[in-house]
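# Reading the structure
These are the residues of each chain, in order.
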Amino acid sequence: MREVRVRFAPSPTGALHIGGVRTALYNFLLARKHQGKMILRIEDTDQNRYVLGAEEYIKEALSWVGIELDEGPDIGGPYAPYRQSERKTIYSEYAKRLIENGHAYYAFDNTEELEAMRNRLKEKKGANPQYDSTTRMEMKNSLTLSKEEVDKRIKAGDHFVIRLKVPASEEVELNDLIRGKVVVHSSQIDDKVLMKSDGMPTYHLANVVDDYLMKISHVIRGEEWLPSAPLHVLTYRYLGWEKEMPAFAHLPLLLKPDGNGKLSKRDADQMGFPIFPLNWTDPKTNELAEGFKERGYLPEALINFLAFLGWNPGTEQELFSVEELISAFELERIGKAGAKFDIQKAKWYNQQYLRAKTDEELARYLLHDLKELGIVCDKEKAASIANALRERITFPSDMIELGRFFFIAPETFDEKIAAKKWNDEAVAVISSLKDEIAIIENLTAEAAASILEQVTARLAIPQGKIMQALRMALTGGASGPDLMITMAILGNHEVSTRLDYALKTLGRK
Ligand code: GLU
């Protein structure tokens, strides 16, 4: 097998969509699996769509999720430069080669002439009018004008583009590693522009030339590029590179959670989940879109989730470290069908990866959030709180949400519980409990449980009847972590103070 060299080739036209991260990930996994090279190539030949900051964003996003690059714009490499705008001179040479061997031609048609052709054809055929073998001989190009005229126009600085001369009737075939054999009739392909009038290549030419020069072995990219692939096959052929042509793998689309159509930023916004890996401020509107990172997703969880959007290992195992993904990954196991973007699954992965962390690691997130709120807390207490909450969190920030009561005593109480559960029995138990807990020295969870046990036994009140009132008195709320552990973390003094406050505020019925 030839050396695996893959590239992620985004255009810096805005933030990197999460689907782009998946494309980059699949490239990365294949490269690592075969000890190959992962290349970042910035496809910035379309100056009109260039967005400042987008390239930086792409690099930061890849680095955050842990996709390491072997070659790229900043890193360099044997086939530098890796930014297409810096490779401008390379492309015209190949466009000229195509003209010389008769597979491309200069076209001088201006906008009005192109428009007129389209209108003419629309009337005639009603079909999709395009610049191709059926129309090119009616247009102003180096196939219809004399050589002298063409030279004269070029010398005079007339605007021109270079177009690929797509054959009239030929089957163009390619073997996609995911879709199998794809055959397109050349009459479906138009004479695509290869070089624009500004001297810049189009995506089609630059992509083929660079994949060849950079010795790319596999082109792994989104399904939206599949229609362009036959055109690329022709370009490889006409440049004499068919033998070196990379293998193609067009990835299935990412669909909305309900499977109905392609996932867009609008859908994600409406359903309240991110679509970009990191925060992104649109430079035009100044609108901020929250990223997966800032929402609290862990990069390893996101990677695991994304790996499964279109690929599966063929086993029941769902949790894969990056190393495990690398060894299990196979292009052949990517499906053709679109992959539903199930955000609930992404959350599930995040929960799993958070649970795998130690209390001390979780405590670090909590301490960070506490610091922002100006709340002081020692590491040990933070670790105990993290331990109490670990099964209940989806994002690190849930700890401060769910555990706020550990630091701030409730001033108000859950109204429903107060109305339903604050009764004579609850008051009796809570009053005794308060007195007994106040004098105990080291309030462990076990000690709290045994005092509660004794009090309820003495008063002959079943524990189950008063637990909700007790939780409400301590936390203000109706649900939360284990109550005995909660009391141990709060400590005897705080527990009796809170119980006292509840008794005074809610009254002794
Ligand atoms: N520049 C293209 C994009 O933005 C790359 C497509 C490809 O990988 O060939 O998606």
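Residues numbered from 1 in each chain as written. Predicted model: local features only at pLDDT ≥ 70, side-chain atom pairs only at ≥ 80, totals over all residues. Heavy atoms only, no water.

### Points about the packing of helix 6 (residues 203-213) against helix 7 (residues 229-238)
Viewed as axis vectors pointing N to C, helix 6 and helix 7 meet at an angle of 55°, and their least axial separation amounts to 10 Å. Judged by the angle between their axes, helix 6 and helix 7 are oblique. For helix 6 against helix 7, the interelement crossing comes out right-handed. On helix 7, the residues that touch Tyr-203, His-204, Asn-207, Val-208, Asp-211 and Tyr-212 of helix 6 are Leu-231, His-232, Thr-235 and Tyr-236. Classifying every residue of the contact of helix 6 with helix 7 by side-chain character gives five nonpolar, four polar and one charged. (Axes fitted to C-alpha atoms, helices over the stretch in contact; angles between N-to-C directions. Helix = DSSP H or I, 4+ residues; strand = E, 2+ residues; numbered from the N terminus. Parallel < 35°, antiparallel > 145°, perpendicular 65-115°, else oblique. Left-handed = near helix turned anticlockwise from the far one by under 90°. Contact = heavy atoms within 4.5 Å. Nonpolar A, V, L, I, M, F, W, Y, C, P; charged D, E, K, R; others polar.)

### Brief notes about helix 13 (residues 359-372)
An α-helical turn contains 3.6 residues, so a residue and the one three or four places further along point in the same direction. Between its first and last C-alpha atoms helix 13 spans 20 Å; for 14 residues at 1.5 Å apiece the expected length is 20 Å, and the two agree. Those residues of helix 13 that sit buried are Asp-359, Leu-362, Ala-363, Leu-366, Asp-369 and Leu-370. Projected down its long axis, helix 13 carries its buried residues within an arc of 120°, all on one side. What points out from helix 13, more than 90 degrees from its buried face, is the exposed set Arg-364, Lys-371 and Glu-372. One or two residues past the end of helix 13 sits Gly-374, with phi positive at roughly 75°. (Expected span 1.5 Å × (residues − 1). Buried < 20%, exposed > 50% of the residue type's maximum accessible area, 1.4 Å probe, protein only. Arc of directions from axis to C-beta.)

### A few points about the packing of aromatic side chains
Applying the stated criterion across every chain, the model contains 21 aromatic pairs. Seen in terms of ring centroids, Phe-273 and Phe-341 are 5.5 Å apart; in terms of plane orientation they differ by 20°. Their pairing is stacked. Highlighted residues: Phe-273 in the loop between helix 8 (265-271) and strand 11 (280-281) and Phe-341 in the loop between strand 13 (339-340) and helix 12 (343-355), separated in sequence by 68 residues. Phe-341 shares its class with Phe-273; the two are buried. Through pairs of rings, three or more aromatic residues link up here, namely Tyr-26, Phe-308, Trp-311, Phe-320, Phe-329, Trp-348 and Tyr-349. Residue placement shows Arg-163 over the ring face of Tyr-131; its charged tip is 3.8 Å from the ring centre. (Phe/Tyr/Trp six-rings, centres within 6.5 Å; stacked < 30°, edge-to-face > 60°. Lys NZ or Arg CZ within 6 Å of the ring centre and 35° of its normal.)

### Considerations on the site of the ligand
The local shell around the ligand consists of Arg-7, Ala-9, Pro-10, Ser-11, Glu-43, Tyr-203, Asn-207, Arg-221 and Trp-225. Glu-43 places a polar side-chain atom, nitrogen or oxygen, 2.6 Å from a nitrogen atom of the ligand. Here Tyr-203 contributes a side-chain N or O atom positioned 2.6 Å from an oxygen atom of the ligand. Coverage of the ligand by the protein chains reaches 83% of its 300 Å² of free accessible surface. Taken together, the residues of the shell around the ligand sort by class into four nonpolar, two polar and three charged. (Near = heavy atom within 4 Å. Polar contact = N/O pair within 3.5 Å; in protein donor to acceptor, adjacent residues only side chain to side chain. Areas by Shrake-Rupley, 256 points an atom, 1.4 Å probe, with all protein chains shown as cover.)

### A look at the nonpolar core
Counting residues in hydrophobic clusters, the biggest one holds 114 residues, and the most contacted among them are Ile-18, Leu-25, Leu-306, Phe-341, Trp-422, Leu-470 and Met-487. Here this core takes nine residues from helix 1 (residues 18-33), the largest share from any one element. When near neighbours in sequence (up to four residues on either side) are disregarded, Met-487 contacts Ile-437, Leu-443, Ala-448, Leu-470, Leu-474 and Val-495. Listed in part, the 38 residues of the second largest apolar core include Ala-95, Ile-99, Ala-104 and Ile-162. (Core = buried A, V, L, I, M, F, W, Y, C linked by side-chain atoms within 4.5 Å.)

### Concerning the environment of Pro-230
One can find Pro-230 in helix 7. Linking Pro-230 and Asp-359, residues 129 residues apart in sequence, is a C-alpha distance of 54 Å. Beyond its immediate chain neighbours, meaning those up to four positions away, Pro-230 contacts Val-172, Leu-174, Val-184 and Ile-189.

### A short note on the sheet that holds strand 3 (residues 104-107)
With antiparallel pairing, three strands are arranged side by side in an open sheet as 3-4-7. Whereas interior strands pair on both sides, the edge strands pair on one side only; in this sheet they are strand 3 and strand 7 (193-195). For this sheet the average axis-to-axis angle between neighbouring strands, irrespective of direction, equals 40°. Here strand 3 pairs with strand 4 (residues 161-164) via four bridges, running antiparallel. (Pairing = 2+ DSSP bridges.)

### Some remarks on the environment of Leu-506
In this fold, Leu-506 is placed in helix 21 (residues 492-506). Between the C-alpha atom of Leu-506 and that of Trp-422, which follows or precedes it by 84 residues, the distance is 7.9 Å. The contact partners of Leu-506, leaving out residues within four places of it in the chain, are Phe-413, Ala-418, Trp-422 and Met-472.

### Re the pairing of strand 1 (residues 5-8)
A two-sided burial pattern is seen for strand 1, the buried positions comprising Arg-5 and Arg-7 on one face and Val-6 and Phe-8 on the other. Of the pairings in the sheet, the one linking strand 1 to strand 2 (residues 37-40) comprises four bridges and is parallel in character. If you follow Arg-7 over to strand 2, its bridge partner there is Ile-39. Taken together, strand 1, helix 1 and strand 2 form a β-α-β motif whose crossover is right-handed. (Right-handed = clockwise from strand over helix to strand, strands pointing away.)

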